[in-house]
Amino acid sequence: MKPLCEKYAAKMAAQGLTAADGPDSALIGGLDAQLVWNRDDSRCRELAKVFAGLSINSLVFARPAEPYATIIDFLAARYPEIIRPEDTETRTFLHDIPVSRDFTAEAIVAALKKRKAVIIPGQGIVSYGTVSPEQGFVFFSSTVFACFVLFFSDYMTAARRGDIDKDYRAAFEAVVAQLPEPRTEPPALATEPLDSEDAILAAMAEAGRAVVSYGLVDSFFGNLSWRDKDTVYISQTGSSLDELEGCIDPCPMDNSTTHGLTASSELSAHEDVYRRADVRCILHGHPKFSVIMSMDCDKPDCELRGQCHVKCRECRTMDGIPIVPGEVGTGPTGLCNTLPPAVASSGAAIVHGHGLFTSGARDFNDAFKTLLAVENRARALYFERLHSLL
Amino acid sequence: MSQTTFGWTGKVLLIDLATQEMAAQYPAPALYKKFIGGKGLAGYYLRPYCTLETTEPDLPVLVFTGPLNGTIAPTSGRGTIMSRSPLTGAICDASVGGKLATQLKRAGWDGLVITGISRAPVGIEIVNDDVRIVETDLWGETCDVVFDRLEGDTPSAVSVATIGPAAENGASIASVMADHHHAAGRGGLGLVWAQKNLKYISIRGTGKTRVHDMAALKEAREEILRLTAASPALLGQHGFSCWGTGSIFDLMDSRRMMPTDNFSKTRFPDAPRLNAAAYQRTYKPKRHGCKGCHILCKKVAPDGRAMPEFETMSHFTALIGNTDMDLVMQANDLCNRLGMDTISAGATLACYREITGEDFTPRTLLKTLYDMGSGGFLGKGSLDFAESCRQSHRSMSVKGMELSAYDPRGAYGMSLAYAMSTRGGCHLRAYPVSHEILRKPVATDRFTFSGKARIVKIAEDANAVVDSLTACKFTFFAASLEEYAKAFTAVTGVPASAHELLETGERIYYNERIMNAANGFDACDDDLPPRFFTEPGTSGGGIEINPLDREEFLNARKNYYAIRGLDEEGRPTRDKARELGLETDAEGEA
């Protein structure tokens, strides 16, 4: 278990979620017959008691890196019991995020009996796994993502109402000052021809690593695919885009096999895009400002408020990029119904509260450039819109 | 239970087939909270009699529902049939689909406790509170005939569960079939019915399950549906909903863990032309499912025959060297009509083939199956046959129950789960395939025992809860107890978190270990056939399928015992039993 604990602690640091070392770096415990930690820390004694109160095999605790720490502390003060973000990751997996005041095993157990992660203001986030420390890493990462999106979304909403209070303004300015500079130069990814399966798989793994390293997706969300004749190569469900070696499924478009059983939940949407448009590849990330902008709406009294993610009837765009409703996967309200025509016609589309899909006509360079450009434009547009409201 | 009971009906029906006496019992609310329903409550009722032979009248057959049956909670149509297994001597519960549990609940009963031996073959006919024991002339008829006769003109309003000739003729691998296509397949539960002269149960219910908080239940339902829609394995275009459980077939082939030639190999060269897609092209099946399920993983051919489940597809081809898809359809249909477990039947054929060296022709395959269900010696299962040949090591079974279609050398958690399973070689107690192959909730390394002991223990507890609520284990590829705890509380009004339900699951599973220990089961039985430790599987394509490391396996088992609160021989301890509130009559304690 210890190597797994160490792996995910390193991953959290690499993704900028926590410090790489010191007291604010991730503390991860794994339990089979014996409890092991990735590092020594005086807080291990209290956290070890959490294992006695829950049927779990791993625990993740860390104070997030800035600006996330400021964000979660602010939201925990504003929503002292439960934080309810409205992005897709929260709606689908977290449901909501409890807040606990005490760093005690008793308080942590009480919160984690009901939910996958808990915020302890001034201390950090605690999450757990029943199968692998990876679950705790994913829940930690999703909590950070959801809080980031809620923090910026709420601020824009308050600006629309004209009632930004002093504390929010101060926190917002502190957070914005700590945002990393946007990256504008795309990486040089593999170019055509990708004339063998090995070349395709390598190009996909390379593109996946680039999406993660540019901060355009968190934890194991997002996916990507490549079409080669009548086969779609797609990342597996729950695979980390920076570790795609061995995690790509070849799926014949004629449905002659069911190898896609472990493929991304968005396989149907990818395939439909390929049927509608002459493109070679698709990238899907969860870039934060694209998600925030997809949820920004100037109709506060709309009768569909709260159901925008499945029922919005407006033809919304962000700088010409379609914004479509749709839930993860299939089903009558699934994004498999709404996304493909939008991507096929525009080369990119944002799914409300969820993430951004882009296609590449030749290779992943095209798709990546669009992904990066749309996210940077979303970030710029957020602040332009905010300034126009202030 | 009071009139304000939600979720449960508060009534259990005791039926004595010998005296034809019946009595309603009203369990205390605390008992429901302690064991939930389904598998949990059935285990509670079984324990005082668990050491009785299956031929003894006081050994009960339990048929139980759970609090979610009859509600809008997704996949809540399943129920439990439980008794002691004539195949293994261990406890045996089966999660049965169709609409049996829903109709029983709607008839106003949380469960049936059936004891005694009838003088003549009978059926139990339930219409709400009106329960009759009826002599029947259906003894000897195949299951399909029983369904057609008893369903009448309103098949949707009645549920029928029946045994077939295999049980009547003494097959230890006899199943109970429900509503044509759904089996309580494993462990020979059908034989226990036959030993009581019980041919069938038919149930018509018109009541409704009372729900404490419908708004909260709808919210939980929406969360569960959202998660299942996001699951490639369930509602994805290659998932169970589109292709049935057979959609795993290609993965088992590509992961090199398809049991072949009685588990002597793990790759079957003909697999690609015998996959789910091939069946779909050939038979064009329609979707069918249990009551209350939106996934509809069951597939039915236009001629009314059930399509084979994944395990049947695999065991009737790779395991026995058959490449004829239509022969699989015929064999599956024959087993369903005779009322015989396809997994044990296929594995017993494979054992026979290896020991005798005789390949099957289409004619001999079907004839052998027919003989199994007609009192032939192979109907006692592979271990009985292998022992009679003094080659017990060629029976690919745990505790006498044949292994299903996942080779344990290709998924180490699965190997531990097979060995620890309280009912024998069953894949569904912990189902590590979920994370070792299907990547849910996250992927784990399938070639390591590291961490697997606790994972298996937690999953066993979780699945014990699922089988007690009741719900379908497949849903948990996507949802978790977090969402189902919400549904449980919404239905019953009993506050419960996911982890509190897991504590109940631990109690339910430990109760089974206590019963097995009372029947003499210990570490010697928590083991795999020696083949898996000495022979490699079929390596290739960059995947090495090595023999399991015996020392690592034993260490993982030792860890499991420590985590489960068992002694070093795998027996329950008095302290743990007391901690879980199971100390009363703990015959099985060390």
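The structure presented is a predicted model; accordingly, all values stated were derived computationally and were not measured.

The rules behind each value
- Residues numbered from 1 in each chain as written.
- Chains lettered and ligands numbered in written order.
- Predicted model: local features only at pLDDT ≥ 70, side-chain atom pairs only at ≥ 80, totals over all residues.
- Heavy atoms only, no water.
- Pairing = 2+ DSSP bridges.
- Helix = DSSP H or I, 4+ residues; strand = E, 2+ residues; numbered from the N terminus.
- Axes fitted to C-alpha atoms, helices over the stretch in contact; angles between N-to-C directions.
- Buried < 20%, exposed > 50% of the residue type's maximum accessible area, 1.4 Å probe, protein only.
- Contact = heavy atoms within 4.5 Å.
- Parallel < 35°, antiparallel > 145°, perpendicular 65-115°, else oblique.
- Left-handed = near helix turned anticlockwise from the far one by under 90°.
- Nonpolar A, V, L, I, M, F, W, Y, C, P; charged D, E, K, R; others polar.
- pLDDT = per-residue confidence, 0-100.
- Salt bridge = Lys/Arg side-chain N within 4 Å of Asp/Glu carboxyl O.
- Core = buried A, V, L, I, M, F, W, Y, C linked by side-chain atoms within 4.5 Å.

### Considering the sheet that holds strand E8 (residues 130–135) of chain B
Residue and element names in this part refer to chain B. With mixed pairing, 6 strands are arranged side by side in an open sheet as E8-E7-E12-E9-E10-E11. Two strands close off the open sheet at either side, each with one partner strand: E8 and strand E11 (182–184). Strand-to-strand twist of the sheet, defined as the mean angle between neighbouring strand axes without regard to direction, takes the value 15°. Here strand E7 (residues 122–127) runs beside strand E12 (residues 198–204); their pairing, made up of 6 bridges, is parallel. What sits directly across from Val 122, in E12, is Leu 198.

### Observations concerning the side chain of B:Ser497
Structurally, B:Ser497 can be placed in the loop between helix H20 (481–492) and helix H21 (498–518). Taking relative accessible area as the criterion, B:Ser497 reaches 6% and is therefore assigned buried. Discounting chain neighbours no more than four positions away, the residues touching B:Ser497 are A:Lys113, A:Lys114 and B:Ala485.

### Some details on the pairing of E7(B)
Where E7(B) meets E8(B), 6 bridges bridge the pair, whose relative direction is antiparallel. From the neighbouring strand, B:Ile126 faces E8(B), where its bridge partner is B:Val131.

### A word on the packing of helix H1 (residues 2–14) of chain A against helix H6 (residues 133–161) of chain A
All names here are of chain A. Two numbers describe how H1 lies on H6: the axes approach to 9 Å, and their chain directions differ by 20°. Looking at the two axes, H1 sits roughly parallel to H6. In the packing of H1 onto H6, the handedness of the crossing is right-handed. Residues Leu 4, Cys 5, Tyr 8, Lys 11 and Met 12 of H1 touch H6, and the partners they reach there are Pro 133, Glu 134, Phe 137 and Phe 140. Tallied by class, the residues present in the contact of H1 with H6 amount to 7 nonpolar, no polar and 2 charged.

### Some thoughts on the packing of helix H11 (residues 276–283) of chain B against helix H13 (residues 325–338) of chain B
Residues and elements named next belong to chain B. At a minimum axis distance of 11 Å, the contact between H11 and H13 shows a crossing angle of 85°. Here H11 is positioned roughly perpendicular relative to H13, judged by the angle of their axes. In contact with Ala 278, Tyr 279, Thr 282 and Tyr 283 of H11, H13 contributes Met 325, Asp 326, Val 328 and Met 329. Split by residue class, the contact of H11 with H13 holds 6 nonpolar, 1 polar and 1 charged.

### Remarks on the confidence of the model for chain B
Residue and element names in this part refer to chain B. Taken over all residues, the pLDDT of chain B has a mean of 96, while the share at 70 or more is 98%. Here residues 586–590 scores under 50 on pLDDT; set against residues more than four positions off or in separate chains, the count is 19 contacts. Two summary scores accompany this predicted model of the complex, namely pTM at 0.94 and ipTM at 0.91.

### With respect to the pattern of salt bridges
Residues and elements named next belong to chain B. Following the criterion strictly, the structure yields 69 salt bridges over all chains and no others. Glu 219 is the partner of Lys 486 in a salt bridge, and the nearest nitrogen-oxygen pair spans 2.7 Å. Highlighted residues: Lys 486 in helix H20 and Glu 219 in helix H7 (residues 214–229), separated in sequence by 267 residues. For Lys 486, a relative accessible area of 21% translates into the label partly exposed. Residue Arg 226 pairs with Glu 222 through a salt bridge whose shortest N-O separation is 3.0 Å. With Arg 226 and Glu 222 both in helix H7, this residue pair falls 4 residues apart, about one helical turn.

### Examining the nonpolar core
Counting residues in hydrophobic clusters, the biggest one holds 181 residues, and the most contacted among them are B:Ile114, B:Ile126, B:Ile201, B:Leu369 and B:Tyr406. One finds A:Phe151, A:Ile234, A:Ala349 and A:Leu356 within the second-largest nonpolar core, a separate group that totals 115 residues.

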